[in-house]
Amino acid sequence: MESALTARDRVGVQDFVLLENYTSEAAFIENLRKRFKENLIYTYIGSVLVSVNPYRELEIYTKNHMERYRGVNFYEVSPHIYAVADNSYRSMRTERKDQCILISGESGAGKTEASKKILQYYAVTCPASEQVQTVKDRLLQSNPVLEAFGNAKTLRNDNSSRFGKYMDIQFDFKGAPVGGHIINYLLEKSRVVHQNHGERNFHIFYQLIEGGEEDLLRRLGLERNPQQYQYLVKGNCPKVSSINDRSDWKVVRKALTVIGFNEDEVEELLNIIASVLHLGNVQYGGEEGNASITSDTQIKYLARLLGVNGAVLTEALTHKKIIAKGEELMSPLNLEQASSARDALSKAVYGRTFTWLVNKINASLTYTVRNGRYNQLICTNTTHLKFTAFIVFCSFEQFCINYCNEKLQQLFIELTLKSEQEEYESEGITWEPVQYFNNKIICDLVEEKFKGIISILDEECLRPGDASDFTFLEKLEDTVGGHPHFVTHKLADGKTRKVMGRDEFRLLHYAGEVNYNVNGFLDKNNDLLFRNLKEVMCMSENKILTQCFDREELSDKKRPETAATQFKASLAKLMEILMSKEPSYIRCIKPNDSKQSGRFDEVLIRHQVKYLGLMENLRVRRAGFAYRRRYEVFLQRYKSLCPDTWPNWQGKLADGVAILVKHLGYKPEEYKLGRSKIFIRFPKTLFATEDALETRKHSLATKLQAGWRGYSQRSKFQKLKTAAIAIQAWWRGILARRRAQRRREAADTIRRFIKGFIYRHKERCPENEYFLDYVRYSFLMKLHRNLPKNVLDKSWPTPPAALVEASEHLRKLCMQNMVWNYCKKISPEWKHQLEQKMIASEIFKDKKDNYPQSVSKLFVSTRLNGEDINPKVLQALGSEKMKYAVPVTKYDRKGYKARPRQLLLTSSSAIIIEEAKLKQRIDYGALKGISVSSLSDGLFVLHVPSDDNKQKGDVVLQSDHVIETLTKIAICADKINTININQGSIKFTVGQGKEGIIDFTPGSELLVAKAKNGHLSKHSPSSNSIS
């Protein structure tokens, strides 16, 4: 913590004890302001933590922060709520003493959040097991449940706790939380029936209405509109921007399940909550002062939800049972009395249900030992107590709260002085008595037997006659009117009377003056419920209400204790519990009333500093010495400031500290040396020491850097040198072993090779197997390097004698593989082209002179486009699909006159076209054969049957693409084997048994003419025809 002192001008001191002007309230608040502006919300007063609500989330509650404070000395790190939680936990573990953490502050100061942070810290940092995890979950989930049923929106705080809470967490001998217990104090039951303007009822009512499922609301008889219920409209504030009732409802339902509520218990609990809302809507009317219920609807809902008889409930809400001389009489109630009875029942039902809820949570947190065996170490516990600070309002509940704070202040001062005195005595330091305001006089004024305000209030509530709040005030004036801390309008001077009402009395508390309005004191203190209403509740079939309203109450003739007496007894028991524990304190401060982050309201904060007694606390703490530390801590931090203690002190710690402070020039009145600690009286002495250390750090840092760099480089060099030598030696050995291994292997190989060569012509044996394997391997590797590149490459390495057969198999496989790979790469179009070329080759290869020139020419699908064929021809073809078309020259059968024609091939026939006419159709089935010469001409003859009347004889045609045309005809007609290639001449039928002859003679140029012998003469070049 001392490391932050150098920045004290900017961020203030982390401990108010180190304030130079510690008696100045302005200096105190200025230090708070500095830290608040830097988002440093935590500050110490010795071991007391002061927390300022930042009204926004700060990144100081992560798991990393929890680990930072876990197991660390309280003053080693900056102030934090985790430090308080961890210090209490470690003290409990090491000292085996029960601990308590008291959290106090105004509404909205952050008490609820502080308790949550403590529980979260324990949940994360404490040892865990499956059973422990269940307890942790239930401890954490108890918060949203208690907040829903016990918190409400007030003018000062949107999530204000309307009850005091004492939470007891039990740990086993391992330090794991294994159980817990919660005690609630002074639930503000009056909020159920009335709220001030701008405030709300308890959260659970709004959560149920906003978040409840439609089926649930229908069963409970509720509407999704808070304005429909009298108990929710008094404050005229059904919605709050910072509260999401719908999502909070889901959280509460989940929490109830985690804590251990079954579905029946949840249903009955919600029945009670809904019944309170219905009670508020019960309306009265009547004549002559006798009240009667005007609507039966609410009574029907109440009878079903509470499990009671509707008629009996109606009578109980409109009549009062009186027992006189052993006889029971029913007295009718007027409108005011009936309304009060209804409200009293609502408060009683809700208040007792809240107590039952706390007991149910306690039952789920109860530590049960397995197999009936107890741990040898008694479970210790740490306590969290949360109460509101002083309130300068005037109700009965606030009177009780302020009385509680007086008792806590009394306890706080006593324990603080006691711990200070014990520390001084244990260290052998003379204790100087501290003057402080002892508020025992105020506590006695409130609680003294027979004479205290509570006793007078009880006496006025119990006495016969017309007792009222004003008679109570008069009784106070008569009994304690002379007390220096009590004032009323009647007893006050003229100036005070101007600011006091006639129905008020004033108490001068330790934190300031507070006025109390006596209106409602007697009613709230009595907190009575008519007997017949109790009887109705005792008859309820709701299992929760049967536990809340015990039938023994009806037979108990003793008058129940008043609310003030019950609270006084509970407080006395609480003080007894706290006195048995080691306390830690958290004081919460609200920076402004508007809940704005970053806003620091000095007037409001000065008010809280006063009411929380922080200046009194600081004064007590600073009465002696402002700073104290153990010798080892002080010497470890400041030893560098003295040559005799730097860098290490080998002697006794006390001697080392004495030499150090002598060197620093401490005056005798500035410090004292105890048995294990040094005590420094003035903060300025510590500040001067800390400033000297800050200056010294620069020279130390330079020396340390230089020394470390030299050491680091030397160490690095030595490591590198050692590593280099080791690597060199290792690598040399590796290389030598490798060379020797290679020599041995080479010698063995040469030896085996020579022996194998000698025995190479013998059968395989151990002497030649290596050689033979090598020969085979060499051939295979040579073959691998010289495989044929394509199917036309016929090269193949010569195999050794032993591998001739294998080589032939490999060659065939290789060729098959290349062919297969080549085939896989062929596209469908190219495959069709090759198939046609294969057929052409089969027909014309080595038979017709112009075939070689056609090989390189690709066959096309047709030689005529759609525009080249007359549309009438296409129309005449109809559905027949044209497969090929080519222009041809037709020679007449008689005069051999050449006529241009078109030849069309379909799937069934070959058609000769003359312009727009189908001159001749030759079915493939009727085609007897095809004749062509062996020369380079393009002339061919289609032979048809002579007895076919449709045909006039064979057809003589000439095509410039004769190879392609005849191949197409052969494929379409499936007449591959009917093409005849003739040498010299071709005979053909002219018609009616007559024959014609075509003579083919080689010539220098192409010439077609009728010879003198009547034959068709064809002169063809030997190799110039292109097809």
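Starting from 1, residues in each chain are numbered consecutively following that chain's sequence as written. pLDDT decides what is reported in this predicted model: residues at 70 or higher carry local features, side-chain atom pairs at 80 or more are listed and counted, and totals for whole chains, interfaces and linings draw on all residues regardless. Heavy atoms from the whole structure form the basis of all side-chain values; hydrogens and water molecules are not counted.

For the protein, an unreviewed UniProt entry supplies the name Myosin Ic, paralog b and the organism Sphaeramia orbicularis. UniProt positions are given in the numbering used here, feature names are shortened, and annotations may be inferred rather than shown by experiment. Check the Sequence similarities (unreviewed entry) section of the UniProt entry for the protein; it says "Belongs to the TRAFAC class myosin-kinesin ATPase superfamily. Myosin family."

> Got a minute to help me understand the packing of aromatic side chains in this structure?
Describing an aromatic ring pair means giving the distance of the ring centres and the angle of the ring planes. The pairing test for Phe, Tyr and Trp rings, Trp by its six-membered ring, is centres within 6.5 Å, and the orientation test on the planes gives stacked under 30 degrees, edge-to-face over 60, and tilted for anything in between. This structure, assessed with the given rule, holds 27 aromatic pairs. Note on F16 and F28: the rings are 3.9 Å apart at their centroids and 10 degrees apart in plane angle, and the pair reads as stacked. Within this pair, whereas F16 is found in the loop between helix 1 (8–11) and helix 2 (25–37), its partner F28 is found in helix 2, the two being separated by twelve residues in sequence. Comparing F16 with F28 shows no difference in burial state: the two are buried. Within the aromatic cluster, the residues linked to one another by ring pairs are F396, F399, F472, F486, F505, Y516 and F521. A ring is scored as having a charge over it whenever the NZ atom of a lysine or the CZ atom of an arginine sits within 6 Å of its centre and within 35 degrees of its normal. One residue, K117, lies across the ring of Y61, its end atom 4.3 Å from the ring centre. The ring of F757 carries the charged tip of R760 above its face, separated from the ring centre by 3.8 Å. Numbering goes from the N terminus for both helices and strands, where a helix is a DSSP run of H or I of at least four residues and a strand is a run of E of at least two. Here the term buried applies to any residue with accessible area under 20% of the maximum for its type, exposed to any over 50%, and partly exposed to those in between, with areas from a 1.4 Å probe on protein chains only.

> What is the right way to read the sheet that holds strand 14 (residues 504–509) from this model?
The pairing of strands in a sheet comes from backbone hydrogen bonds and takes either a parallel or an antiparallel form. Spatially, three strands are ordered 13-14-15 in an open sheet, and the strand pairing comes out antiparallel. Lying at the two open borders of the sheet, with one neighbouring strand each, are strand 13 (486–488) and strand 15 (512–517). Put simply, the sheet's adjacent strands are angled 25 degrees from each other on average, direction ignored. Across six bridges, the pairing between strand 14 and strand 15 is antiparallel. Of the residues in strand 15, the one forming a bridge with E504 is N517. For two strands to count as paired, DSSP must find a minimum of two bridges between them. Here an axis means a line fitted to C-alpha atoms, over the contact stretch when the element is a helix, while the angle between two N-to-C directions is reported on a 0 to 180 degree scale.

> Any chance you could explain the pattern of salt bridges here in plain terms?
Close approach of charged atoms allows side chains of opposite charge to pair. Salt bridges are identified by distance alone: a Lys or Arg side-chain nitrogen within 4 Å of an Asp or Glu carboxyl oxygen. Counted under the stated rule, the structure contains 39 salt bridges. Here D773 ties to R776 by a salt bridge, and the two come within 3.8 Å at their closest N and O atoms. Taken together, the residues D773 and R776, both in helix 30 (residues 769–785) and three residues apart, mark about one turn of the helix. Judged by its relative accessible area of 28%, R776 falls in the partly exposed class.

> Got a minute to help me understand the UniProt feature "binding site: ATP" (unreviewed entry) in the protein in this structure?
Taken from the UniProt record, the annotation "binding site: ATP" (unreviewed entry) applies to G105, E106, S107, G108, A109, G110, K111 and T112. Residue G108 is classed as buried on the basis of its relative accessible area, which comes to 6%. Each residue touching G108, except ones within four places of it in the same chain, is listed here: N53, Y55, R156, N157 and K590. Checked against the element boundaries, A109 lands in the loop between strand 3 (99–105) and helix 5 (111–125). Contacts: residue pairs with any heavy atoms within 4.5 Å of one another.

> Explain the layout of surface pockets to me, please; I cannot follow it from the model alone.
Which parts of space are left empty comes out when a probe the size of a water molecule is rolled across the atoms. Computed over the protein atoms alone on a 1 Å grid, cavities are sets of points where a 1.4 Å probe fits but cannot get out and pockets are open sets with protein on both sides within 12 Å along at least five of seven lines; a residue lines them when it has an atom within 4 Å of a point. Grid points are joined across faces, edges and corners, and a volume is the space filled by probe spheres set on the points. In this structure, the second largest pocket occupies an estimated 1500 Å³ of space. Lining the second largest pocket are 44 residues, and of these S47, Y75, N87, E423 and K677 lie nearest its centre. Every element with two or more residues in the lining of the second largest pocket is listed here: helix 4 (81–95), helix 15 (396–427), strand 16 (582–589), helix 26 (614–621), strand 17 (627–630) and helix 27 (631–638). Top contributing element to the lining of the second largest pocket by residue count: helix 15, with nine residues. Its residues assigned to classes, the lining of the second largest pocket comprises twelve nonpolar, 14 polar and 18 charged. Under the scheme applied, nonpolar residues are Ala, Val, Leu, Ile, Met, Phe, Trp, Tyr, Cys and Pro; charged residues are Asp, Glu, Lys and Arg; polar residues are all the others, including Gly.

> I keep staring at helix 21 (residues 531–538) and nothing clicks. Help me out?
In an α-helix, one full turn covers 3.6 residues, which means residues spaced three or four apart are oriented alike. Taking burial as the measure, the eight residues of helix 21 include seven buried ones, the bulk of the element. Taken together, the buried positions of helix 21 are occupied by N532, L533, K534, E535, V536, M537 and C538.

> Teacher, can you tell me more about the environment of F687 here?
By secondary structure assignment, the location of F687 is in helix 29 (residues 683–758). Residues F687 and L49, 638 residues apart in the sequence, show an inter-C-alpha distance of 22 Å.

> So what exactly am I meant to see when it comes to the packing of helix 17 (residues 453–462) against helix 24 (residues 563–579) here?
In helix packing, the relevant descriptors are the interaxial angle and the interaxial distance, both defined with respect to the helix axes. Following both chains from N to C, one finds helix 17 and helix 24 inclined at 145 degrees, their axes separated by 9 Å at the closest point. Counting all contacts with helix 17, which are made through I454, L457 and D458, the residues of helix 24 involved are A564, T565 and K568. Looking at the contact of helix 17 with helix 24 residue by residue, the classes come out as three nonpolar, one polar and two charged.

> Looking at this structure, I do not really get the environment of A916. What am I missing?
Considering the arrangement of structural elements, one finds A916 in the loop between strand 22 (909–914) and strand 23 (917–923). By relative accessible area, which is 31% here, A916 ends up partly exposed. Spatially, the C-alpha atom of A916 lies 7.8 Å from that of P871, the residues being 45 residues apart in sequence. A916 has contacts with N870, K872 and V873, leaving out every residue within four places of it along the chain.

> Sorry if this is basic, but what is going on with a nonpolar patch on the surface here?
Each patch is built from salt-bridge-free residues with over 30% relative accessible area, joining like charges within 9 Å and nonpolar side chains (Val, Leu, Ile, Met, Phe, Trp, Tyr) within 5 Å. Method for areas: the Shrake-Rupley scheme with a 1.4 Å probe, in which residue coverage is limited to the protein chains shown. On the surface, I727, W730 and W731 cluster together into a nonpolar patch covering about 360 Å² of accessible area. Checked against the element boundaries, W730 lands in helix 29. Residue class for W730 comes out exposed when judged on its relative accessible area of 52%.

> What am I meant to see in the domain arrangement of the protein here?
Interface size, as often reported, equals the accessible area lost upon joining of the parts. In this document the domain limits rely on a domain assignment from an automatic tool or a database. Looking at the assigned domains, one finds that the protein contains domain 1 (627–681) and domain 2 (839–1020). Centre-to-centre separation of domain 1 and domain 2, based on C-alpha positions: 128 Å.

> Looking at this model, I keep getting lost on the pairing of strand 25 (residues 939–943). Mind explaining?
The side chains of a regular strand alternate, residue by residue, between the two faces of the sheet. Burial analysis of strand 25 places five of its five residues in the buried class, the great majority of the element. Residues L939, V941 and H943 line one face of strand 25 and the alternating positions F940 and L942 line the opposite face, and both faces are buried. When strand 24 (residues 929–933) meets strand 25, the two strands line up antiparallel, connected through four bridges. Paired with G929 across the two strands is H943, which belongs to strand 25. Following strand 24, the chain reverses through five residues before pairing antiparallel with strand 25. Bridge count for strand 25 against strand 26 (residues 955–958) is four bridges, and the pairing is antiparallel. Along strand 26, the bridge assignment pairs V941 with V956.

> Quick question: what am I supposed to make of the packing of helix 2 against helix 25 (residues 602–611) here?
Viewed as axis vectors pointing N to C, helix 2 and helix 25 meet at an angle of 115 degrees, and their least axial separation amounts to 11 Å. Both helix 2 and helix 25 take part in a crossing whose hand is right-handed. Contact with helix 2, carried on its side by E25, F28, I29, L32 and R33, involves E602, I605, R606 and V609 of helix 25 and no other residues of that element. Within the contact of helix 2 with helix 25, the residues separate by chemical class into five nonpolar, no polar and four charged. Crossings are sorted by hand: turned counterclockwise from the far helix by less than a right angle, the near helix makes the crossing left-handed, and turned clockwise it makes it right-handed.

> What should I look at first to understand the sheet that holds strand 18 (residues 671–673) in this one?
Strand order across the open sheet formed by three strands is 17-19-18, with antiparallel pairing between neighbours. With one partner strand each, in any of the chains shown, strand 17 and strand 18 form the two edges of the open sheet. Neighbour to neighbour, the strand axes of the sheet diverge by 15 degrees on average, direction disregarded. Alignment of strand 17 against strand 19 (residues 677–680), held across four bridges, turns out to be antiparallel. Pairing of Y627 across the sheet is with I680, part of strand 19. Packing of helix 27 onto the sheet brings it into contact with strand 17, strand 18 and strand 19, and relative to strand 17 it is tilted by some 95 degrees.

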